[in-house]
Amino acid sequence: AQKVTQAQTEISVVEKEDVTLDCVYETRDTTYYLFWYKQPPSGELVFLIRRNSFDEQNEISGRYSWNFQKSTSSFNFTITASQVVDSAVYFCALSPTDSWGKLQFGAGTQVVVTP
Amino acid sequence: DGGITQSPKYLFRKEGQNVTLSCEQNLNHDAMYWYRQDPGQGLRLIYYSQIVNDFQKGDIAEGYSVSREKKESFPLTVTSAQKNPTAFYLCASSTRARGPPQHFGDGTRLSIL
């Protein structure tokens, strides 16, 4: 069985602070994908990143960075120098590589960035 | 611009009534998905389809039905058998090569009258 845990329900920061969102997962699959999505107040989900379990390199994209640690089953997401536009709910998700229908989402973390 | 269009944005259902949520995509994606989102929770998969005329049940398919007669369209019917339909419904799509959904619609919020 798969499980994704996002222990932080809500994080509030002041603009320009860094914020790190935790994601811990459980799976029996030897290969899998990990994802992060952003859901702004408008409702649609925005895909941010997909990471294959074979690739443990950290990734940086602008102000976003991801730290994948297979040893601790974690895939944490950091927003550097946060902005008000970063206010959203962020979801971590997990999927086997051979079954797209088995994408399992965490409960999400609400990020509130105030000016 | 390519994308996923969901309609209506808001929908109200009377007791005992079936309602259909529309999802259309012009991305030429093979796979389409329906998810349900309840407050404070992640998304749960209702149904998905990887090719035309084929679809599979997700984790919470009871009380829902779908069809996939065209590649572009994947409507979801919420039947009267779904006793707690009030939720936010999201449609998504992906290409076969890129795996699980990476494009989502704006969602439909369904409420009971």
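Structure first, text after, so check above.
Residues numbered from 1 in each chain as written. Chains lettered and ligands numbered in written order. Predicted model: local features only at pLDDT ≥ 70, side-chain atom pairs only at ≥ 80, totals over all residues. Heavy atoms only, no water.

Colleague: Talk me through the overall build of chain B; I want residue IDs and the actual numbers.
Modeller: Across its full length, chain B carries 0 helices and 11 strands. Counting from the amino terminus, helix and strand elements in chain B follow one another as β-β-β-β-β-β-β-β-β-β-β. Computed over C-alpha atoms, the radius of gyration of chain B comes to 13 Å, within 12% of the 13 Å expected from 2.2 N^0.38 for 113 residues, which places it in the range of a compact globule. Going through the 113 residues of chain B one by one, you find that 49% of them count as buried. Restricting the contact set of chain B to residue pairs at least 6 apart, pairs at least 24 apart contribute 53%. With 13 positive and 11 negative side-chain charges, chain B shows a separation of 3 Å between the mean positions of the two kinds. (Helix = DSSP H or I, 4+ residues; strand = E, 2+ residues; numbered from the N terminus. Rg over C-alpha atoms; globule rule 2.2 N^0.38 Å. Buried < 20%, exposed > 50% of the residue type's maximum accessible area, 1.4 Å probe, protein only. Contact = heavy atoms within 4.5 Å. Lys, Arg positive; Asp, Glu negative; His and termini not counted. Charge placed at Lys NZ, Arg CZ, Asp CG, Glu CD.)

Colleague: Tell me what's going on with the nonpolar core, and back it up with residues and numbers.
Modeller: In this structure, L21, W36, W66, F77 and Y90 of chain A are the most contacted members of the largest nonpolar core, which totals 24 residues. Of all the secondary structure elements, the ones that give two or more residues to this core are β2 (10–14), β3 (19–21), β5 (32–39), β6 (46–52), β8 (64–69), β9 (74–79), β10 (88–96) and β12 (109–114) of chain A. Tallying contributions element by element places β10 of chain A first for this core, with 4 residues. If you look at the next biggest cluster of nonpolar residues, it comprises 20 residues, including V19, V66, L76 and A87 of chain B. (Core = buried A, V, L, I, M, F, W, Y, C linked by side-chain atoms within 4.5 Å.)

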